[in-house]
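Each chain is listed here by its residues.
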Amino acid sequence: MKKMVKATLLFASISLLLFGCGGEKQSSTASNSNKEENKYMRLAWWGNTNRDERTIKVAAMYENANPGAKIETETTGWGGYWDKMNTQAASSTLPDLMQQDYAYILQWASRGQLLDLTPYISNGTIDTSKMSQSIIDAGSVNGKVYGICMGTNAMGLCANKEILEKAGVTIDELNWTWEDLEQIGYTIYEKTGVKTTPFGTTDIRPIFENLLRQDGKSFYSADGKTMGFTDTKMLVDFYDMQLRMIKAGAMIPAEEAFVTVTAEEGGFAKEKVWNDWVWSNQLVSTQSALGKPVEMYLMPKIKDSKRPGTYLKPSMFFSIPASAENPDMAAKVLNYYLNDMAANDVLLGERGVPAPSDVLSSVSQKVDDTSKQIYKFIEVVNNNCSPIDPPDPGASGEVLKIFRDVTQEVLAGLISSSDGAKKFLDKANAALAK
């Protein structure tokens, strides 16, 4: 990979994309007087230790700058976050401000569970003047804004730099293929004994979707009523490559790989594997868990690729639930996280490359070496991406669970790759047709 360019040049390049292509509750409950004075609200997000510390610190900064204000913070890991939010939605106890994802914003907005933020943008409470319209539109449904993008990111392959060097492996990220990845896995295993991680374990979709998009297809159909592909050959090949590597001992077996653990407990941090599949905004926590230098690469190409499979994605949004008890304060706090320079000196783009151009310019001068890698990676993605597909349909959560379960069966040898591919497609289409 080319050497890092200066932060000022990164800003100039990354700015183009903006105009183009857990745990438990962290703070005590506020007093009744805070609630009566409309100075109390709840903020919830999914994250990791790094994000938690930064988010809680900024909440305290807001409280100090606004006497009497109290923000009750609630953090949960990704795995339990949506179960928790859905439970709270059923009992009308959602927080005033919540972290929202591109995969779910359409569902929540369509069910009337999110507040239209357009009035807060119009009256200046939420300042989006330094954000590109395409980024604002990413959080919009039918012309109404339901989520404010807190950063942009992209999926890629994270590699342990030291292991690559020990194995004598170099990666040409603009030209490498999936066949190259397989051979690299064998080489690294032969020379170091370190294995390759399967092509997605917690969420297989972003990796396989990249192949589909390169072939001109999509994971879901445009109307979200069926899957976006009918031929199972690509999925069979996707499974077969991993099965070959598992049989050769060069890939972590399914019974080990599909155990949900923290980043610190995972195979990458323990150096059992040389690679991991991560969103760019996860690179800081991934590198921190490893404690050694890492590299971030675009995903490999398929033969006769028709378009780039990678896309820029809003890393996450902040949304105000329709049931919020204090939406006005929530809008002010949202704007503080989005635009306040002192707050962003603490956040430092942990949720993704900042969306407001002035915040991006400021933060790009101050981030550490790992964060600079993120900015560099996003620069590469900006020149090698295609437009993101529409938000996921309502049954997406069920489909992704089916995909993970079937993939685990296939890689564990409980079902053949061809039978597994057919089983996934049949069950996924049935879920979408409900």
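Caption draft 1: Helix α19 (residues 417–433), seen in detail. An ideal rise of 1.5 Å per residue puts 24 Å on 17 residues; α19 measures up with 24 Å between its terminal C-alpha atoms. Taken together, the buried positions of α19 are occupied by Ser417, Gly420, Ala421, Phe424, Leu425, Ala428, Ala431 and Leu432. Projected down its long axis, α19 shows its buried positions confined to an angular sector of 135°, all on one face. Counted as exposed and oriented over 90 degrees from the buried face of α19: Lys422 and Ala433. Lining the buried residues of α19 we find α11 (233–247) and α18 (396–411).

Caption draft 2: A look at the environment of Glu350. Tracing the backbone shows Glu350 in the loop between α15 (341–347) and α16 (357–363). Assessed through its relative accessible area of 6%, Glu350 is described here as buried. In the structure, Glu350 is positioned 65 residues away from Ser285 in sequence and 9.0 Å away in space, judged by C-alpha atoms. Once residues lying within four places of it in the same chain are set aside, the contact partners of Glu350 are Asn48, Asn50, Arg51, Arg54 and Asn281. At 2.7 Å, the side chain of Glu350 and the side chain of Arg51 are in polar contact.

Caption draft 3: Structural detail: the nonpolar core. By size, the foremost hydrophobic cluster in this structure holds 84 residues, and its most contacted members are Phe199, Phe219, Met227, Trp274 and Phe424. Core analysis: the second largest hydrophobic core is formed by 54 residues, Trp45, Trp46, Cys149 and Leu334 among them.

Caption draft 4: Main features of the confidence of the model for the chain. On average, residues of the chain score 90 in pLDDT, and 91% of them are at 70 or above. pLDDT under 50 marks residues 1–31. Its contacts with residues more than four places away, or in other chains, come to 71 contacts.

Caption draft 5: Looking closely at α11. The end-to-end C-alpha distance of α11 is 21 Å, a good match for the 21 Å that 15 residues give at a rise of 1.5 Å each. Phi turns positive one or two residues past the end of α11, at Gly249, with a value near 85°.

Caption draft 6: Expanded view of the packing of helix α13 (residues 283–290) against helix α17 (residues 369–382). In the contact formed by α13 and α17, the axes pass within 9 Å of each other and the chain directions differ by 140°. Here α13 is positioned oblique relative to α17, judged by the angle of their axes. Both α13 and α17 take part in a crossing whose hand is right-handed. When α13 is examined against α17, the residues Leu283, Val284 and Gln287 are found in contact with a partner set consisting of Thr370, Ser371, Gln373 and Ile374.

Caption draft 7: Layout of the packing of helix α10 (residues 205–214) against α11. In contact at an axis separation of 11 Å, α10 and α11 are set at 135° when each is read in the N-to-C sense. The angle between the axes of α10 and α11 places the two elements in the oblique class. In terms of crossing hand, the pair formed by α10 and α11 is right-handed. Contacts between α10 and α11 involve Ile207, Phe208, Leu211 and Leu212 from the former and Met234, Leu235 and Phe238 from the latter. Among the residues making up the contact of α10 with α11, the classes are represented as seven nonpolar, no polar and no charged.

Caption draft 8: Highlighting the environment of Ile171. Its location among the elements puts Ile171 in the loop between α8 (161–167) and α9 (178–192). Assessed through its relative accessible area of 10%, Ile171 is described here as buried. Sequence-wise, Ile171 and Ala330 are 159 residues apart; in three dimensions their C-alpha atoms are separated by 45 Å. The contacts of Ile171, once residues within four sequence positions are left out, are Leu164, Trp176, Ile184, Trp274 and Tyr297.

Caption draft 9: The arrangement of the sheet that holds strand β9 (residues 275–279) in detail. The strand order across the open sheet built from three strands is β9-β8-β10, with neighbouring strands paired in antiparallel fashion. The open sheet is flanked by β9 and β10 (294–297), the only strands paired with a single partner. For this sheet the average axis-to-axis angle between neighbouring strands, irrespective of direction, equals 30°. Against the sheet, α17 engages β8 (155–160) and β10, with an angle of about 15° to β10.

Caption draft 10: Structural detail: the packing of aromatic side chains. Within the structure shown, the criterion is met by 24 aromatic pairs. Each ring, one from Phe199 and one from Trp277, has its centre 5.8 Å from the other, and the planes form 80°; the classification is edge-to-face. Within this pair, whereas Phe199 is found in the loop between α9 and α10, its partner Trp277 is found in strand β9, the two being separated by 78 residues in sequence. Owing to a relative accessible area of 9%, Trp277 belongs among the buried residues under this scheme. Counting every residue linked through ring pairs, the aromatic cluster contains Trp178, Phe199, Phe208, Phe219, Tyr220, Phe229, Phe238, Tyr239, Trp277, Phe403 and Phe424. Lys313 extends its terminal NZ or CZ atom over the ring of Trp279, reaching a point 5.3 Å from the ring centre.

What counts and how
The numbering scheme is per chain: residues are counted from 1 as the chain's sequence reads. Predicted model: local features are reported for residues with pLDDT of at least 70 only, side-chain atom pairs are reported and counted for 80 or more only, and whole-chain, interface and lining totals are derived from all residues. Note that water and hydrogens are dropped before the side-chain values are worked out from all heavy atoms of the structure. Strands here are runs of E lasting at least two residues and helices are runs of H or I lasting at least four, both read from the DSSP assignment and numbered beginning at the N terminus. Expected helix span is taken as 1.5 Å per residue step, with the number of steps being one fewer than the number of residues. Each residue is assigned to one of three classes by its accessible area relative to the maximum for its type, calculated with a 1.4 Å probe on protein chains only: buried under 20%, partly exposed between the two thresholds, exposed over 50%. This arc describes the spread of directions from the helix axis toward the C-beta atoms. Contacts are assigned to residue pairs with any non-hydrogen atoms lying within 4.5 Å of each other. Each polar contact in these results corresponds to two N or O atoms within 3.5 Å; when the atoms are within protein, one needs to be able to donate a hydrogen and the other to accept it, and residues that are neighboring in sequence are counted only if both atoms are side-chain atoms. For this analysis, a nonpolar core means a set of buried residues of the types Ala, Val, Leu, Ile, Met, Phe, Trp, Tyr and Cys, connected via side-chain atoms within 4.5 Å. For every residue, the pLDDT score states the predictor's confidence, bounded by 0 at the bottom and 100 at the top. Every axis in this analysis is a line fitted to C-alpha atoms, fitted for helices over the stretch in contact. Angles between the N-to-C directions lie between 0 and 180 degrees. Should an angle fall under 35 degrees it is called roughly parallel, over 145 degrees roughly antiparallel, and 65 to 115 degrees roughly perpendicular, with every other angle called oblique. The sense of a crossing depends on the near helix, which, turned anticlockwise from the far helix by less than a right angle, makes the crossing left-handed and, turned clockwise, makes it right-handed. Note that Gly is not counted as nonpolar here; it falls among the polar residues with everything else outside the nonpolar set of Ala, Val, Leu, Ile, Met, Phe, Trp, Tyr, Cys and Pro and the charged set of Asp, Glu, Lys and Arg. At least two DSSP bridges between two strands are required for those strands to pair. Within 6.5 Å between ring centres, the rings of Phe, Tyr and Trp (the latter by its six-membered ring) count as paired, and their orientation is classed by plane angle as stacked under 30 degrees, edge-to-face over 60, tilted in between. Note on criteria: charge over ring means Lys NZ or Arg CZ within 6 Å of the ring centre, with the direction from the centre no more than 35 degrees off the ring normal.

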